[in-house]
Amino acid sequence: MKNFALIGAAGFIAPRHLKAIKETGNNLVAAIDKHDNVGILDSYFPNADFFIEFERFDRHLDKIKRKGANVDYISICSPNYLHDSHIRYALRYGADAICEKPLVLNPWNIDALQELESETGKKINTILQLRLHPSIIALREKIKNGPKDKIYDVDLQYMTSRGNWYHISWKGDLSKSGGIATNIGIHFFDMLMWIFGKVQDVTLSSISSEHASGILHLEHAKVTWFLSINYDHIPQEVRDKGKRTYRTLKLEGEEIEFSEGFTDLHTKSYEEILKGNGFGLVDAKPSIDIVYKIRKLAKGNV
Ligand code: AKG
């Protein structure tokens, strides 16, 4: 059984990490969040120690270490712009990191973390759960076994509605989340490159605080993409079924839906990480590069 600590216990994504730690048979010894609405801990680890000040969290983890009971993994669910700092804390402490997406906001943050991995010998893992989604794995296989020189015509609609709170929270602050193409688009940019190969070009047709669209040219696909968190963008027939998400991809006109199953993949991600098969810095880099480029396009800097 491994010991875990978790940074960002009060956030949107923390329950999936708590569930994954529990379902993989491990233990949470300590958690921190500057917000104290963490009653969710009782559903998974009522005995975990909880802190709202980083210094006290650090002192506690240090005490655990001096007693010889190391924390093996630190899970990071904090706002995106703090990820690299919290990863540094984890590795310097002597733990491996498991960090939510996007691993970092800027490509050069990855280079700095690469040096830290070599210095400490510890591993930085990230969550790229679409790579573990059965429909996406099947699609990748199909493309791998298809003609090698084909450029597929792909239409991607990625809609995952969020209420007004999204814009008021740190996710609505461009400097903290990177905006929706970074915070949410990262999922499908990574997935598309994993399936269709390296990026050749990306263009942006429109962008706002709640949507983005453009064209992505990959080695084996030309992808027209549309991303939205606005519920009204979801097709009526999908809304009529009571759904608030619609993730779908048309390959040469043939629809592949992957709306379901997305939220259950953290445990699978943890299982792979614990076996030493986690996605790391090298895996995360291409999608970090592309969302950085989109942010520059949005500002008219490219
Ligand atoms: C987020 O809200 O931060 C997400 O990553 C959600 C992505 C999705 O629902 O597809």
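Residues numbered from 1 in each chain as written. Predicted model: local features only at pLDDT ≥ 70, side-chain atom pairs only at ≥ 80, totals over all residues. Heavy atoms only, no water.

### Comments concerning the pairing of strand β9 (residues 211–218)
Then comes step 1: Counting buried residues in β9 gives 6 out of 8 residues, a clear majority hidden from the surface.
Then comes step 2: As judged from the 8 bridges shared by β9 and strand β10 (residues 221–228), these two strands associate in the antiparallel manner. Among the inter-strand pairings, Ser213 is bridged to a residue of β10, identified as Phe226. (Buried < 20%, exposed > 50% of the residue type's maximum accessible area, 1.4 Å probe, protein only. Helix = DSSP H or I, 4+ residues; strand = E, 2+ residues; numbered from the N terminus. Pairing = 2+ DSSP bridges.)

### A short note on the sheet that holds strand β11 (residues 245–251)
Across a sheet, strands are paired by hydrogen bonds formed along the backbone, either parallel or antiparallel in direction.
Then comes step 1: If you walk across this open sheet you meet the 6 strands as β8-β9-β10-β7-β11-β12, and the pairing is mixed. This sheet does not close on itself; its edge strands, each paired only once, are β8 (199–207) and β12 (254–257). For this sheet the average axis-to-axis angle between neighbouring strands, irrespective of direction, equals 15°.
Then comes step 2: Sheet contacts for helix α13 (residues 281–298): β8, β9 and β10; angle to β8, the most-contacted strand, approximately 45°. (Axes fitted to C-alpha atoms, helices over the stretch in contact; angles between N-to-C directions. Contact = heavy atoms within 4.5 Å.)

### Describing the domain arrangement of the protein
Then comes step 1: Here the protein is described as being made up of domain 1 (3–127) and domain 2 (130–298).
Then comes step 2: The gap between the C-alpha centroids of domain 1 and domain 2 is 25 Å.
Then comes step 3: Taken together, the contact pairs 36 residues of domain 1 with 32 residues of domain 2.
Then comes step 4: Interface area for domain 1 against domain 2, summed over the two sides, is near 3000 Å², with a carbon-plus-sulfur share of 67%.
Then comes step 5: Linking domain 1 with domain 2 are 0 salt bridges.
Then comes step 6: Remark: the boundary between domain 1 and domain 2 carries 12 residue pairs in polar contact (both at pLDDT 80 or more).
Then comes step 7: When residues of the side of domain 1 that touches domain 2 are traced back to their parent elements, those giving at least two are α1 (14–23), β4 (73–76), α5 (107–120) and β6 (124–126).
Then comes step 8: For the side of domain 1 that touches domain 2, the leading source of residues is α5, giving 7 residues.
Then comes step 9: Classifying every residue of the side of domain 1 that touches domain 2 gives 19 nonpolar, 9 polar and 8 charged. (Domains from an automatic or database assignment. Buried area = accessible area lost by both parts, 1.4 Å probe. Salt bridge = Lys/Arg side-chain N within 4 Å of Asp/Glu carboxyl O. Polar contact = N/O pair within 3.5 Å; in protein donor to acceptor, adjacent residues only side chain to side chain. Nonpolar A, V, L, I, M, F, W, Y, C, P; charged D, E, K, R; others polar.)

### Regarding the nonpolar core
Then comes step 1: Counting residues in hydrophobic clusters, the biggest one holds 67 residues, and the most contacted among them are Ile74, Met191, Phe196, Trp225 and Leu249.
Then comes step 2: Tallying contributions element by element places helix α10 (residues 185–196) first for this core, with 9 residues.
Then comes step 3: In this structure Trp225 touches Leu156, Phe188, Phe189, Val202, Thr203, Leu204, Ala212, Ser213, Gly214, Ile215, Leu216 and Ile294, once residues within four positions along its chain are discounted. (Core = buried A, V, L, I, M, F, W, Y, C linked by side-chain atoms within 4.5 Å.)

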